[in-house]
Amino acid sequence: MVEAERMRVSVIGTGYLGATTAACLAELGFEVIGLDVDEAKIDLLRSGKVPFYEPGLDELLTESLQTGRLHFTTDFAEVAEFADLHLICVGTPQRDESGAADLKYVNAAIDSLAPHLTRPTVVVGRSTVPVGTAATLAARLAALAPIGEEAELGWSPEFLREGFGVEDTLRPNRIVIGTDSPRVEKAVRALWQQQVDEGVPFLVTDLQTAELVKVSANAFLATKISFINAMAEVSEVAGADVIQLAEALSYDDRIGGKFLGPGLGFGGGCLPKDIRAFMARADELGVEPALSFLREVDAINQRRRARTTDIARQLIGGNFAGRTVTVLGAAFKPNSDDIRDSPALDVASTIASLGAHVTVYDPAALERAREAHPELNYATSMLDAARGADVVLLLTEWAEFREANPEELATVVAQKRIVDGRNALDPTYWRASGWTYRALGRQ
Ligand code: UGA
């Protein structure tokens, strides 16, 4: 840990990626400073509170703050003075209808940091960016930094999943660094020395390949989910069962069972916007046909939301107007309070717009959901949410919902009807308790 104790690292941007990275690096023994332009967020982090739900991160943050190895600031001059390695972890949201990535936060991070760089420094981007961005940023950094080309930029994409951020950061499945600079490579190697010693693959590539690794990984995952959801569409009309189909496919280890879970499909702050930004970039590069299949991946994903709404409508006799509907789940996936492009909330608000009285319950995302969707009603427990329901929809597969007791739920609903949007329940068990059970891709 000698090397770790020596290296001082800054983490710029303290969202899901940055806050998790900062706490984990301090845990690994580095001296870390986290920066954000949002003062309220920095105040929370300084007091040991994580501004979002991420299992295990609260404890890690408190521990790291207590070691004295982790600090937070809003001041770029302080960060430049403190650290020799800067990690850019800001967001790259979808810009507009074009689907292209909005690079304003990445550009602002470089523009704010560079003028303070007066000694040789390594800057490493971790945000997800369109291929070609890093080369432009490297030139911008060298042009704006007083130290000039001794401020060097590399790109090292991250692959952490929300809900497993701490685990994925401390035990990544690979480290990729895009650079042709021995100094950048050395700094990134030192950062992950412990993991590399434990056998984690360490790949050095050019900038463009490193950028592409990230977006192509997310494009592949999205494609795998939409593939099985396309099979669900076929299964529904052909009289087949997509769950058995997925299981049978999974035993072929060339295919594998992960990310082959049929249901309401993908959402969140990454997969949907990343495939759109990837298509937009391919278009700019003149290779639009190479990624046109991703348009279908996106379309299949959107159709699952519409299909879920249709199944619920059929179950209650064809019309939502004046009916009472319960939605279990608001987060885009369990173990997260992230509601960005949440399939659950999309379906809930569509049903509300069709005239139903919709009540939503989620173990972690209620506050965020209430802010974003004031047109919906909210309850603070599953049973309260289900009171008087004409139909219940399970749209985010939290353990609490997977383990729900059909007999207990039956005591509060008006009608025992359930749409399992995540194929999370055992149909036999629920039907045996008198429920009308419907799911995507099954009879
Ligand atoms: C995703 C990637 O999995 C990470 O590797 C990547 O680092 C991250 O994006 C990122 O770009 O930062 P995340 O957005 O946290 O991570 O969520 P996932 O676990 O990938 O789930 C995405 C969506 O797919 C969720 O809505 C989930 O419900 C859905 N999903 C997942 C399915 O519908 N079926 C499956 O079989 C698996």
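Fair warning: this is a prediction, and the values are worked out from it, not measured in the lab.

### Observations regarding the domain arrangement of the chain
- Taken domain by domain, the chain consists of domain 1 (4–205), domain 2 (215–298) and domain 3 (304–439).
- Measuring from the centre of the C-alpha atoms in domain 1 to the corresponding centre in domain 2 gives 29 Å.
- Across the contact, 13 residues belong to domain 1 and nine residues belong to domain 2.
- Between domain 1 and domain 2, a total of about 840 Å² is buried, with carbon and sulfur atoms accounting for 60% of that surface.
- Summed over the three residues of domain 1 that lose the most area to domain 2, namely Gln94, Thr128 and Val131, the buried surface amounts to 43% of that side.

### Examining helix 7 (residues 133–144)
- Taking 1.5 Å per residue as the helical rise, helix 7 with its twelve residues ought to reach 16 Å, and the 16 Å between its terminal C-alpha atoms agrees with that figure.
- On the buried face of helix 7, the contacting elements are helix 6 (104–113), strand 5 (121–125), strand 6 (151–155) and helix 11 (207–238).

### Looking at the side chain of Ser156
- Along the chain, Ser156 falls in the loop between strand 6 and helix 8 (165–170).
- In this structure Ser156 comes out as buried when scored by relative accessible area, which is 2%.
- At 2.7 Å, the side chain of Ser156 and the backbone oxygen of Val176 are in polar contact.
- In contact with Ser156, other than residues within four places in its own chain, are Val124, Gly125, Arg126, Val176 and Ile177.

### A short note on the sheet that holds strand 11 (residues 377–378)
- Taken in spatial order, the six strands line up as 11-10-9-12-13-14 in an open sheet, and their pairing is parallel. Bordering the open sheet on either side are strand 11 and strand 14 (436–439), each of which pairs with just one other strand.
- Here four bridges tie strand 9 (residues 324–328) to strand 12 (residues 391–394), and the two strands are oriented parallel to one another. Note that in strand 12 the partner of Val325 across the bridge is Val391.
- Packing of helix 15 (residues 343–353) onto the sheet brings it into contact with strand 9, strand 10 (357–361) and strand 12, and relative to strand 10 it is tilted by some 160°.

### Structural notes on a negative patch on the surface
- There is a patch of like negative charges on the surface, built from Glu27, Asp58, Glu59 and Glu63.
- With three residues, helix 4 (residues 57–67) is the single largest residue contributor to the negative patch.
- As for its placement among the helices and strands, Asp58 is situated in helix 4.

### A short note on the site of the ligand
- Around the ligand there are 21 residues in total, and Leu160, Glu162, Lys214, Asn218 and Gly261 lie nearest to it.
- Here an oxygen atom of the ligand and a side-chain polar atom of Asn218 are 2.8 Å apart.
- Starting from 720 Å² of accessible surface for the ligand in isolation, the protein chains cover 89%.
- Counting residues per element, the ones that place at least two in the shell around the ligand are helix 11 and helix 13 (271–284).
- With four residues, the single largest contributor to the shell around the ligand is helix 11.
- Residue composition of the shell around the ligand, grouped by class: ten nonpolar, four polar and seven charged.

Definitions and limits used
Residues take numbers from 1 onward in each chain, read along the sequence in its written order. Reporting of local features is limited, given that this is a predicted model, to residues whose pLDDT is at least 70; pairs of side-chain atoms are given and counted only at 80 or more, and all residues count toward the totals for whole chains, interfaces and linings. Values reported for side chains reflect all heavy atoms of the structure, with hydrogen atoms and water molecules removed beforehand. Here the bounds of each domain stem from an automatic or database domain assignment. Between two residues, a contact is recorded if the distance between any of their heavy atoms is within 4.5 Å. By buried area we mean how much accessible surface two parts lose on assembly, using a 1.4 Å probe and totalling the loss over both. Only DSSP runs of H or I covering at least 4 residues are called helices, and only runs of E covering at least 2 are called strands; the numbering of each starts at the N terminus. A helix is expected to reach a length of 1.5 Å times the quantity of its residues less one. Accessible area is worked out with a 1.4 Å probe on protein chains only. A residue is then buried under 20% of its type maximum, exposed over 50%, and partly exposed in between. Polar contacts here mean pairs of N or O atoms no more than 3.5 Å apart (in protein, one a potential hydrogen donor and the other a potential acceptor; neighbouring residues in sequence count only if both atoms are side-chain atoms). Pairing between strands requires that DSSP locate at least two bridges from one strand to the other. Convention adopted: a line fitted to C-alpha atoms gives each axis, helices being fitted over their contacting stretch, and angles between N-to-C directions are expressed from 0 to 180 degrees. For patches, a residue must show more than 30% relative accessible area and have no salt bridge; joins then use 9 Å for like charges and 5 Å for nonpolar side chains, namely Val, Leu, Ile, Met, Phe, Trp and Tyr. Surface exposure here means Shrake-Rupley accessible area, sampled with a 1.4 Å probe, where a residue is shielded only by the protein chains that are shown. Take a side-chain nitrogen of Lys or Arg and a carboxyl oxygen of Asp or Glu: if they are within 4 Å of each other, that pair is a salt bridge. Within this scheme the basic residues Lys and Arg register as positive and the acidic residues Asp and Glu register as negative, but His and the chain ends are omitted. Here the site of a charge means NZ on Lys, CZ on Arg, CG on Asp, or CD on Glu. To be near a molecule or strand, a residue needs just one of its heavy atoms within 4 Å of it. Side-chain classes follow a simple rule in which Ala, Val, Leu, Ile, Met, Phe, Trp, Tyr, Cys and Pro form the nonpolar group, Asp, Glu, Lys and Arg form the charged group, and the remainder, Gly included, forms the polar group.

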